[in-house]
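Chain by chain, the residues run as shown.
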Amino acid sequence: MSQEGMAKLGGVNGAVIGRYEREEVKPSIEMATQLAQALEVSMDYLVGSTDILLDKNIVAKILDIQKLKENDRQHVFALLDAFLKQTKLQSIL
């Protein structure tokens, strides 16, 4: 994406994005949050703390699971754990 494209997402001038890229200045937390939201990435991904790009659908499901009653969450995790173990075993064989 071009600097101008990023600038539109962040609501700033393209030159400002260039200064961020050259590490001449650091964006405010509000600006970084706005850019992360516009790009649909996490702040960790945006600042390079992780190279894992989280899928929005997976994050939404995790948030839904967190809202469940504890007993129901344990059932969901037990099912998920069993599926993941089976998948790992199948990949080994």
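Report on the accompanying structure. Since this is a predicted model, take the numbers as computed values, not measurements.

### Section: the environment of valine 12
As for its position among the elements, valine 12 is in the loop between helix 1 (3-10) and helix 2 (14-21). In sequence terms valine 12 and lysine 56 are 44 residues apart; their C-alpha atoms lie 26 Å from each other. If we ignore the near neighbours within four places in the chain, the residues touching valine 12 are Ala7, Ile17 and Met31.

### Remarks on the side chain of arginine 73
Mapped onto the elements, arginine 73 comes out in helix 6 (residues 70-92). Every residue in contact with arginine 73, bar those within four places of it in the chain, is listed here: Ile65, Gln66 and Leu68.

### Some points on the layout of surface pockets
In this structure, the largest pocket encloses a volume near 360 Å³. Lining the largest pocket are Met6, Ile17, Tyr20, Glu21, Glu23, Val25, Lys26, Pro27, Ala32, Leu35, Leu46 and Val47. Within the residue set of the lining of the largest pocket, elements represented by two or more residues are helix 2, helix 3 (29-39) and helix 4 (43-47). When grouped by side-chain class, the residues that make up the lining of the largest pocket number nine nonpolar, no polar and three charged. Its volume calculated, the second largest pocket comes out at about 160 Å³. The set of elements that each furnish at least two residues to the lining of the second largest pocket consists of helix 5 (56-66) and helix 6. Of all the elements, helix 5 adds the most residues to the lining of the second largest pocket, at five residues.

Conventions used here
- Counting starts from 1 at the beginning of each chain's written sequence and moves along it residue by residue.
- The model is predicted, so local features are restricted to residues of pLDDT at least 70 and side-chain atom pairs to those at 80 or more, both for listing and for counting; the totals for chains, interfaces and linings are taken over all residues.
- As a rule here, side-chain values come from all non-hydrogen atoms in the structure, and water together with hydrogens is ignored.
- Segments assigned H or I by DSSP are reported as helices when at least four residues long, segments assigned E as strands when at least two residues long, and all are numbered from the N terminus.
- Only heavy atoms enter the contact rule, under which two residues are in contact if any of them lie within 4.5 Å.
- Two kinds of site are reported from a 1 Å grid over the protein atoms alone, namely cavities, where a 1.4 Å probe fits but cannot get out, and pockets, open sets with protein on both sides within 12 Å along at least five of seven lines, and residues are called lining when an atom falls within 4 Å of a point.
- Grid points are joined across faces, edges and corners, and a volume is the space filled by probe spheres set on the points.
- In this count, Pro and Cys sit with the nonpolar residues alongside Ala, Val, Leu, Ile, Met, Phe, Trp and Tyr, while Asp, Glu, Lys and Arg are called charged and the others, Gly among them, polar.

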